[in-house]
Amino acid sequence: MTQNFSWLHRGVAEIFPQPHDDDHETESLEKRLVNANRPLRVKLGIDPTGADIHLGHSIPVRKLRAFQDAGHTAVLIIGDFTARIGDPTGKSDVRRQLTEADVAQNAQTYLDQVRPILDFDTPGRLEVRYNSQWLSRLDLGKILELLSTMTVGQMLAKEGFAERYKKENPIFLHEFLYPLMQGYDSVAVEADVELGGTDQKFNIAVGRDLQRHFGLKPQFGLLLPILIGTDGVQKMSKSLNNYVGLSEHPSQKYQKLQAVPDNLLSQYFELLTDLPLDSLPENPRDRQEFLAWEIVRQYHGEAAANEAKEAAKSGGKEGTLPEFSLADIAQFPAKLAFILGATGLCKSTAEGKRKIQEGGVRLDGDKVTDVDTTFAAPGDLVGKVLQVGKKNFVRLVP
């Protein structure tokens, strides 16, 4: 194993424990990497609670790829069981519980979106595991054993729970199980390292405690920063509309990224690319364009990146996507299935319904799954990009 750990530390907020942090620990992660006589098992859990991933979600996935490239085994856990509870971290209210069908559909889209990042092809470099394989089989005795490893006081020390308790917002007992189940994932896959955002330290530490309880060597935690969104103020989030989705059209990605505020450029380059940070363009505008080009190249290839760059130059913010005038829709309210037929993205309204049911339709990067989706007026759609499959797009104009 290489002893140059620049790949390990790039963009990392914290690695824990350090040797002086824990009386039980006498080695660092670097030492374990050097002394290991086998590839380490590096865990990343993803709960498919939604259909789409944005660049903020890609950061731990990229670090997982770095471990793959260093010769280790990536263990990508699809939290198809835990997603049905929902991680309470950072939430002021209980999360809506998802159905099995919701989770299964979301899980497939997640895998499709991380495929450009991870090495799915080299034997032994990736395990994709679903935590329902072990969590659904836990009997009451095992659940009681898990619950006995933690006190209510410890749970209430978790930031989100503490806040909700103070505000007298309800905390349901099933939510206490979430950190324990995520921690048990580490036991089930015998993780050596777990990756997560800085908001996941509590959950990763629970995994260490449970591994110790079950006689395993505790994992290291590697925490990564939460990405600030394109507004330059708040964390990247679809609800705040300051995100760049992995499933978005190359032109959309490019247009958003070329407008990233100057103060975020260094962080974006560090967390979202592998480029040497001392060889970037000095001019902020050149840096913005280079960032946009590089990230589009990662996900869509060099030809698509060049095309998106030229589109942005020639067409301003609108680029060169095909356009469809909503004036050609004779009457509103109009169902999306009908609009799909009218735009030519589908051959008919019936095909439009089928594509929606199959999960192949997106509006501004958001998957549409309700065949009865209806829009009251053209203004609800102007400027949005309608997509069928991976390659068919139109921009909706007045």
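Here the structure is shown first, and the text comes after it.
Note that the structure is predicted; figures quoted are calculated from it, not measured. (Residues numbered from 1 in each chain as written. Predicted model: local features only at pLDDT ≥ 70, side-chain atom pairs only at ≥ 80, totals over all residues. Heavy atoms only, no water.)

(A) Structural context of the overall build of the protein. Tallying secondary structure elements over the protein gives 16 helices and 13 strands in all. Whereas a compact globule of 398 residues would reach a radius of gyration of roughly 21 Å, the protein reaches 23 Å, a difference of no more than 12%. Each of the three principal axes of the protein carries a C-alpha extent, and together these read 70 × 50 × 45 Å. Out of the 398 residues in the protein, the part that is buried amounts to 50%. Contacts in the protein between residues at least 24 apart in sequence constitute 71% of all its contacts with a sequence separation of at least 6. (Helix = DSSP H or I, 4+ residues; strand = E, 2+ residues; numbered from the N terminus. Rg over C-alpha atoms; globule rule 2.2 N^0.38 Å. Buried < 20%, exposed > 50% of the residue type's maximum accessible area, 1.4 Å probe, protein only. Contact = heavy atoms within 4.5 Å.)

(B) Quick peek at helix 15 (residues 336-343). Buried residues of helix 15: Leu336, Ala337, Ile339, Leu340 and Thr343, and no others. Seen end-on, helix 15 carries its buried residues on one side only, within an arc spanning 160°. Just beyond helix 15, the residue with positive phi is Gly344, at close to 90°. (Arc of directions from axis to C-beta.)

(C) Spatial organisation of helix 10 (residues 201-213). In this model helix 10 runs 18 Å from its N-terminal to its C-terminal C-alpha over 13 residues, within 8% of the 18 Å that 1.5 Å per residue would give. Residues Asn203, Ile204, Val206, Gly207, Arg208, Leu210 and Gln211 constitute the buried set of helix 10. Packed against the buried residues of helix 10 are strand 1 (14-16), helix 6 (140-147), helix 9 (173-189), strand 5 (193-197) and strand 6 (220-224). (Expected span 1.5 Å × (residues − 1).)

(D) Summary view of the pairing of strand 5. For strand 5, a buried count of five out of five residues is recorded, marking the element as mostly surrounded by other parts of the structure. By the bridge criterion, two bridges tie strand 2 (residues 41-46) to strand 5 in an arrangement that is parallel. Counted as the bridge partner of Lys43 is Glu194 from strand 5. Where strand 5 and strand 6 come together, five bridges link them in parallel fashion. Paired with Val193 across the bridge in strand 6 is Phe220. Handedness of the β-α-β unit built from strand 5, helix 10 and strand 6 comes out right-handed. (Pairing = 2+ DSSP bridges. Right-handed = clockwise from strand over helix to strand, strands pointing away.)

(E) Local environment of the sheet that holds strand 1. In spatial order, the strands read 1-6-5-2-3-4; together these six strands make up an open sheet with mixed pairing. Each edge of the open sheet is held by one strand with a lone partner, namely strand 1 and strand 4 (126-130). Strand after strand, the sheet turns through a mean of 25° between neighbouring axes, direction not considered. The pairing of strand 1 with strand 6 spans three bridges and is classified as antiparallel. If you follow Glu14 over to strand 6, its bridge partner there is Leu223. Relative to the sheet, helix 3 (residues 55-69) contacts strand 2, strand 3 (73-78), strand 4, strand 5 and strand 6, its axis offset from that of strand 2 by approximately 160°. Relative to the sheet, helix 9 contacts strand 2, strand 3, strand 4 and strand 5, its axis offset from that of strand 2 by approximately 145°. (Axes fitted to C-alpha atoms, helices over the stretch in contact; angles between N-to-C directions.)

(F) Examining the nonpolar core more closely. Among the nonpolar cores identified, the biggest contains 59 residues, and Leu8, Leu55, Phe67, Leu76, Leu222, Leu257 and Tyr268 are the most heavily contacted of them. When residues no more than four places from it in sequence are discounted, the contact partners of Leu257 are Leu55, Val244, Tyr268, Gln288, Leu291, Ala292 and Ile295. (Core = buried A, V, L, I, M, F, W, Y, C linked by side-chain atoms within 4.5 Å.)

(G) Main features of the environment of Glu30. In this structure, Glu30 sits in helix 2 (residues 29-35). Linking Glu30 and Asn4, residues 26 residues apart in sequence, is a C-alpha distance of 9.6 Å. Residue contacts for Glu30: discarding those within four places in its chain leaves Phe5, Leu8 and His9. Engagement of the side chain of Glu30 in a polar contact is seen with the side chain of His9, the distance being 2.7 Å. (Polar contact = N/O pair within 3.5 Å; in protein donor to acceptor, adjacent residues only side chain to side chain.)

(H) Examining the side chain of Gln258 more closely. Tracing the chain through its elements places Gln258 in the loop between helix 11 (250-257) and helix 12 (265-272). Judged by its relative accessible area of 12%, Gln258 is buried. Those residues in contact with Gln258, other than ones at most four positions away along the chain, are Arg285, Gln288, Ala292 and Ala312.

(I) Layout of unusual backbone geometry. Looking along the chain, the bond that leaves Phe16 and enters Pro17 is cis, with omega of -5°. Looking at the secondary structure, you find Pro17 in the loop between strand 1 and helix 2. In the segment running from Phe332 into Pro333, the intervening peptide bond is cis, with an omega of 0°. Along the chain, Pro333 falls in the loop between strand 7 (323-325) and strand 8 (334-335). Backbone geometry places Glu168, a non-glycine residue, at a positive phi of 60°.

(J) Expanded view of the pattern of salt bridges. On inspection of all chains with the given rule, the structure shows 19 salt bridges. Two residues, Glu289 and Arg285, come together in a salt bridge whose shortest N-O distance is 3.5 Å. Highlighted residues: Glu289 and Arg285, both in helix 13 (residues 284-300), separated by four residues, approximately one helical turn. What makes Glu289 partly exposed here is its relative accessible area of 21%. Put simply, Arg354 and Glu351 hold a salt bridge, and the shortest N to O gap is 3.9 Å. On the criterion of helical spacing, the pair formed by Arg354 and Glu351 is a turn pair, its members being three residues apart in helix 16 (residues 349-357). Given a relative accessible area of 40%, Arg354 falls into the partly exposed group. (Salt bridge = Lys/Arg side-chain N within 4 Å of Asp/Glu carboxyl O.)

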